[in-house]
Amino acid sequence: MFTLPQKESKAPTTCPGPASTQDLDSNHGDGLERECSRKPDWKLPEFCGGGDPTATASSDSSHLSSRGSIIKWFWDSAEEGYRTYHMDEYDEDKNPSGIINMGTSENKLCFDLLSRRLSQSDMLWVEPSLLQYPDWRGHLFLREEVARFLSFYCKSPAPLKPENVVVLNGCASLFSALATVLCEVGEAFLIPAPYYGAITQHVYLYGGVRLVCVYLDSEVTGLDTRPFQLTVEKLEMALQRANFEGVKVKGLILINPQNPLGDIYSPGELRDYLEFAKRHKLHVMVDEVYMLSVFEKSAGYHSVLSLEGLPDPQRTHVMWATSKDFGMSGLRFGTLYTENRDVATAVASLCRYHGLSGLVQYQMAQLLRDRDWINQVYLPENHARLKAAHTYVAGELRALGIPFLSSGAGFFIWVDLRKYLPEATFKEEMLLWRRFLDNKVLLSCGKAFQCKEPGWFRLVFSDKAHRLCLGMQRVRQVLEGKSQVPDDPASCQSQESGNQRTGGETPPGVL
């Protein structure tokens, strides 16, 4: 569904502050919901564009460096919502009135498939080399499997090369490593906004790199346009403003499929963005972490690695991980593909701090080479479950008369709740977010993604049916002004039991 056109509001080039922080370790989820818990009168350090973040990110600890103070500031300023959730997590048996998490982008639909596959005997192997220091780029057997895997699923015109592969413990580490080796302290990347806000932290904490937002809006200006559409003209304008403000831009970050919009860039759009970057000698970091989570066949996803002849292969760096497509956000596996050997070597050096154990590398190689299981078992069932969950939540939103955007990719729907704000301010957005949390449902607000229009929320649907049902009940109660937690979730559980798929969960009312 498209939103009604709105008059464009003028927005600054540089992001006003850190757009939410991801976990400082891998156990804290994607963390985007926490941004909304900030006190509305806090002054935020300028982590995007120019400015000195140490001026306001002070610490009461005499034991920390200025860098340590900033790291602590990220943690302290954005944890309230997530701590609240963890102190009162929903459990259908132990805590049925606890908080339902519809804010963290994790796929919880296929644990049954994954646990069976990861428990098979071919996954359980130990040999001396797996317990010793590996090549920091990753064991060769794993990089060979990654190259074959990406060649097949990205549909690359020619086989990808293992020597261009580097393996790290997740895309967060990849963002940090690339920012550190590509930029000087204080330099910046362009990034279309709204965007996955934890990237702010990823590029800043180690590399001291800022983000320059290319602000998108929901206005539809013609038949061939769509809400929040990225264009080369918008990229050019953002780059010009950054140059005028004295911010040196070294690269462009693209997320495809996009988070939180679910947008999928066409091959023509991808080439246009890459040609723009080549003209200005910018690196392009392409995050394709949702590439196998496109559950609508008509969506027509294309990897950047499928393009014939990249405009500037030495400045194009592609990342992928198993956290989303294989529902393994806790396992921590990510990979970089770049034809720039200097970049690969520099990132590999940082793998001393971001590497994977040999045992995990062996398991990942076994998983990625099992093409029969991936193609015949996992992907078809995963896509069916994602589509069923999406269909249910989309139907609930339509029944409430709520506009939303979704392109059939990823785990989330970008929801337009602007009509529920008394005033179009981020303070009112935060108050609505708080009402959801008080009513025991956790969402991610638009400010966490640097959306310039207050009132947009990201709603994650990749969860079990009874939790989706209960979560949507609570969303409805807030929007209808009946903010109270239902005492008996039995109706959701009974609906789920009547609509389960074999081996998985199908949301109620979806056949």
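Once a new chain begins, its residue numbering starts again from 1 and follows that chain's sequence as written. Note on the predicted model: pLDDT of at least 70 is required for a residue's local features to be given, and 80 or more for side-chain atom pairs to be given and counted; whole-chain, interface and lining totals, by contrast, use all residues. Side-chain descriptors were evaluated using all non-hydrogen atoms of the structure, hydrogens and water having been removed beforehand.

Under an unreviewed UniProt entry, the name given to the protein chain is 1-aminocyclopropane-1-carboxylate synthase-like protein 1, and the organism recorded is Panthera pardus.

The subject of this paragraph is helix α8 (residues 267-279). The helix and strand labels rest on DSSP assignments: H or I over at least four residues marks a helix, E over at least two residues marks a strand, and numbering proceeds from the N terminus. Residue count minus one, scaled by 1.5 Å, sets the expected span of a helix. If you check α8, its first and last C-alpha atoms are 18 Å apart, about what 13 residues at 1.5 Å a residue would give, namely 18 Å. Partly exposed describes any residue whose relative accessible area lies between the buried limit of under 20% and the exposed limit of over 50%, with all areas from a 1.4 Å probe on protein chains only and scaled to the type maximum. Regarding α8, the residues found buried are Glu269, Leu270, Tyr273, Leu274, Phe276 and Ala277. Buried positions in α8, seen along its axis, are confined to an arc of 155 degrees and lie on one side of it. In this description, contact between two residues means that some pair of their heavy atoms is separated by no more than 4.5 Å. Those residues of α8 that are buried are in contact with β3 (188-193), α7 (232-244), β5 (249-255), β6 (283-287) and β7 (316-321). By construction, the arc corresponds to the directions joining the helix axis to the C-beta atoms.

This next bit is on the packing of α7 against α8. Each axis is a line fitted through C-alpha atoms, taken for helices only over the stretch in contact, and angles between the N-to-C directions span 0 to 180 degrees. Close contact between α7 and α8 brings their axes to 10 Å; oriented N to C, the two are set at 30 degrees. Considering the angle they form, α7 stands roughly parallel to α8. α8 is crossed by α7, and the crossing has right-handed handedness. Here α7 contributes Val232, Leu235, Glu236 and Leu239 to the contact with α8, which in turn contributes Asp272, Tyr273, Phe276 and Arg279. To sort the angles, those under 35 degrees are grouped as roughly parallel, those over 145 as roughly antiparallel, those from 65 to 115 as roughly perpendicular, and the leftovers as oblique. Crossings are classed by handedness, with left-handed meaning an anticlockwise turn of the near helix from the far one by less than a right angle and right-handed meaning a clockwise turn.

It is worth spelling out the sheet that holds β3 at this point. With mixed pairing, the seven strands of this open sheet are ordered in space as β2-β8-β7-β6-β5-β3-β4. Unpaired on one side and paired on the other, β2 (165-168) and β4 (210-215) mark the two borders of the sheet. Here the average twist between neighbouring strands, direction ignored, is 25 degrees. Two elements, β3 and β4, share six bridges in a ladder whose sense is parallel. Directly across from Pro192, in β4, lies its bridge partner Val214. Packed onto the sheet, helix α4 (residues 140-153) meets β2, β7 and β8 (334-338) and runs at close to 110 degrees relative to β2. In the packing of α7 onto the sheet, the strands contacted are β3, β4 and β5, and the crossing angle to β4 comes to about 135 degrees. Pairing between two strands is assigned when DSSP locates at least 2 bridges connecting them.

This part covers the packing of aromatic side chains. Aromatic pairing here means that ring centres of Phe, Tyr or Trp (its six-membered ring) are within 6.5 Å. Orientation follows from the plane angle: under 30 degrees is stacked, over 60 is edge-to-face, and everything else is tilted. By the definition in use, this model includes 18 aromatic pairs. Between Phe149 and Tyr153, the aromatic rings sit 4.6 Å apart at their centres with planes inclined by 45 degrees, giving tilted as the arrangement. On the criterion of helical spacing, the pair formed by Phe149 and Tyr153 is a turn pair, its members being four residues apart in helix α4. Residues Phe149 and Tyr153 agree in their burial class; the two are buried. A centroid spacing of 6.4 Å and a plane angle of 50 degrees characterise the contact between Phe149 and Phe326, whose relative ring orientation is tilted.

Let us look at the packing of helix α5 (residues 171-182) against helix α10 (residues 341-354). Interhelical geometry of α5 versus α10 gives an angle of 130 degrees and a closest axis separation of 9 Å. Taken together, the axis directions place α5 and α10 in an arrangement best described as oblique. Viewed along their axes, α5 and α10 form a crossing whose handedness is right-handed. From α5, Ser173, Ala177, Leu178, Thr180, Val181 and Leu182 reach across to α10, where they touch Val343, Ala346, Val347, Leu350 and His354. Polar here means any residue outside two lists: the nonpolar Ala, Val, Leu, Ile, Met, Phe, Trp, Tyr, Cys and Pro, and the charged Asp, Glu, Lys and Arg; Gly therefore counts as polar. When the residues that make up the contact of α5 with α10 are grouped by side-chain class, the tally is eight nonpolar, three polar and no charged.

A few words on the sheet that holds strand β12 (residues 444-445). Strand order across the open sheet formed by four strands is β9-β10-β13-β12, with antiparallel pairing between neighbours. Edge strands, defined here as strands with exactly one partner in the open sheet, are β9 (404-405) and β12. Examined bridge by bridge, β12 and strand β13 (residues 456-460) share two bridges and lie antiparallel to one another. If you follow Ser444 over to β13, its bridge partner there is Arg458. Packed on one face of the sheet, helix α12 (residues 371-399) meets β9, β10 (412-416) and β13 and runs near 10 degrees to β10.

The subject of this paragraph is unusual backbone geometry. Cis geometry is found at the peptide bond from Ala193 to Pro194, where omega equals 15 degrees. Its location among the elements puts Pro194 in the loop between β3 and α6 (199-205). Here Asn259 and Pro260 are connected by a cis peptide whose omega angle stands at 20 degrees. One can find Pro260 in the loop between β5 and α8. The phi dihedral of Lys155 is positive, around 55 degrees, even though this residue is not glycine. Topologically, Lys155 is positioned in the loop between α4 and β2. A positive phi angle, close to 55 degrees, is found at Phe228, a residue other than glycine. Residue position: Phe228 is located in the loop between β4 and α7. By relative accessible area, which is 0% here, Phe228 ends up buried.

What follows is about the pattern of salt bridges. Salt bridges are defined by distance alone: a side-chain nitrogen of Lys or Arg within 4 Å of a carboxyl oxygen of Asp or Glu. Under the defined criterion, the tally for this structure stands at 22 salt bridges. A salt bridge links Glu145 to Arg369, with the shortest nitrogen-to-oxygen separation between them at 3.2 Å. Here Arg369 lies in helix α11 (residues 358-369) and Glu145 lies in helix α4, a separation of 224 residues in the sequence. The partner of Asp263 in a salt bridge is Arg226, and the shortest N-O contact between them spans 3.1 Å. Highlighted residues: Asp263 in the loop between β5 and α8 and Arg226 in the loop between β4 and α7, separated in sequence by 37 residues.

For the rest of this paragraph, the subject is α7. With 13 residues, α7 ought to run about 18 Å at 1.5 Å a step, and its terminal C-alpha atoms sit 18 Å apart, in line with that. Along α7, the positions that sit buried rather than exposed are Leu235, Glu236, Ala238, Leu239 and Ala242. Looking straight down α7, one finds its buried side chains confined to an arc of 165 degrees; they lie on one side. Of the exposed residues in α7, those oriented more than 90 degrees away from the buried face are Glu233, Gln240 and Phe244. The secondary structure elements touched by the buried residues of α7 are β3, β4, β5 and α8. Two residues or fewer after α7 comes Gly246, characterised by a positive phi angle close to 80 degrees.

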